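Listed below are the residues making up each chain.
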Amino acid sequence: MRDHRRLGRELGLFDTDPLMGAGLPYWLPDGAVVRHTLEEYVREAERAAGYRHVYSPVLGKRELYELSGHWDHYRDDMYPPMELGGDQVLLRPSLCPHHALIFRSRTRSHRDLPYRMAELGGMYRAERSGVLGGLTRVRAIQLNDAHIFCTPDQAVEEAAGALALISRAYADLGIRAARHRLSLPGGGGKYVADPALWRRATALLREVLDASGVPYEAVEGEAAFYGPKIDVQITDPAGRESTLSTVQIDFHQPERFGLRYTGPDGARHRPVMVHRSVIGSVERAVAHLLEEHGGAFPPWLAPLQLAVLPVGGDQEERAHAVVREAAALGLRAEVSGPAEGSLGARIRRARLVPYQAVIGAREDADGLVAVRLRDGRRPGVLPVAEFLRRVERRVRARGTALWEPA
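For clarity, every value in this text was computed on a predicted model and none was experimentally measured.

The rules behind the values
Residues numbered from 1 in each chain as written. Predicted model: local features only at pLDDT ≥ 70, side-chain atom pairs only at ≥ 80, totals over all residues. Heavy atoms only, no water. Disulfide = S-S within 2.5 Å. Buried < 20%, exposed > 50% of the residue type's maximum accessible area, 1.4 Å probe, protein only. Pairing = 2+ DSSP bridges. Helix = DSSP H or I, 4+ residues; strand = E, 2+ residues; numbered from the N terminus. Axes fitted to C-alpha atoms, helices over the stretch in contact; angles between N-to-C directions. Salt bridge = Lys/Arg side-chain N within 4 Å of Asp/Glu carboxyl O.

**Q** Talk me through the state of the cysteines; I want residue IDs and the actual numbers.
**A** The tally for this structure, following the rule as stated, stands at zero disulfides. With no disulfide of its own, Cys96 lies closest to Cys150 among cysteine sulfurs, the gap being 15 Å. In this structure Cys96 comes out as buried when scored by relative accessible area, which is 2%.

**Q** Kindly report on the sheet that holds strand β5 (residues 82–84), identifying the contributing residues and their values.
**A** Within the open sheet, the three strands sit side by side as β4-β6-β5. Their pairing is antiparallel. Two strands bound the open sheet, and with one partner strand each, they are β4 (59–61) and β5. Strand-to-strand twist in this sheet, taken as the mean axis angle between neighbours without regard to direction, amounts to 45°. As defined by bridge partners, β4 adjoins strand β6 (residues 87–91) across three bridges and the pair is classed as antiparallel. Of the residues in β6, the one forming a bridge with Gly60 is Leu90.

**Q** Describe the pattern of salt bridges, listing the residues and the values that go with them.
**A** Think of it this way: side chains of opposite charge can pair up when their charged atoms draw near. One pass over the structure, following the stated rule, counts 25 salt bridges. Glu40 is the partner of Arg43 in a salt bridge, and the nearest nitrogen-oxygen pair spans 3.0 Å. Highlighted residues: Arg43 and Glu40, both in helix α2 (residues 29–48), separated by three residues, approximately one helical turn. The shortest N-O distance in the salt bridge between Glu404 and Arg394 comes to 2.1 Å. With Glu404 in the segment after α13 (384–397) and Arg394 in helix α13, the pair connects residues that are ten residues apart, well separated along the chain. Assessed through its relative accessible area of 10%, Arg394 is described here as buried. Taken together, the shared-partner salt bridges connect Arg181, Glu222, Lys229 and Asp231 into one network.

Encoded structure:
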């Protein structure tokens, strides 16, 4: 069975140390490459979709989370307050209160809406030791989060756009959604008490799901404390299900924070807040990708994209020249030379690298490489420049395909 914890350590992506603490993994260089590439992909996709990025602090005063409702409804999952200059401050459990403050820091007009605010930011959850595991349940989370402030008439279109963004990202990453869930409130005092707002938000999310054509099921007891949500569910190799991506429509926090915009009538109106996360937490996304692909990441995401394999020492100079040309094109490439073992051993060691370029005496003399793909295919012997152009095109196109005809 593919276990991301074992794969992550074997591939040198991440690890833990008891002095750092449980649920607080650190990223090794190859893991940092994967994480950085994934984060940049998300930022680029968000920019193309009209989002504007912000940074906000990971601390907030207790009063902030009392205002948002987190202190009343989510306190058990938060770290305890710290005394700082006469104030009680907390590590934030989510980014939405900070984004609400950023929105209300300026006068907003209907012409500014929808205002799409995104951040890849840290948040902290006081997870119990018994539920911690690898990257899937951690205490320090890097969340791909965004909040869209819009008019009520724009809410369905914005939520549908967020769902489409999730779908495109899953295609590029090779992620399969197990199911879509409409998460509704359950009993008890976990949820804010405003039945009218719950009904209104739920009706809008049902409209989004029905229009999207994806099958879904409604499940009680899985909503956020402030509103219903669409959860995109994934499964691991053992069949365990978890939530990766979400889309939420929230009427509660705009009211709590007194958010307003000026309408075309000159009057002040309350915006709707659409919460959305394309890949959820970076930690859980990488864990799932490791298990989904068995460490063989899509070419654009692989920490090493090209292994250049000189057959003998006479070809090493040419191999290093190929690596330099690849780097100039933005590709991640390394030489695996004869000092590291026989050619067969080096090929096996590079089994998860999308592309291998073997250089023997003939290839060296003629400026060629013998191409091997991770899946066992051998497209043939190609000029170095043509081979690198093909790899670059494939990487820039993203997706999971390794090779395309010329």
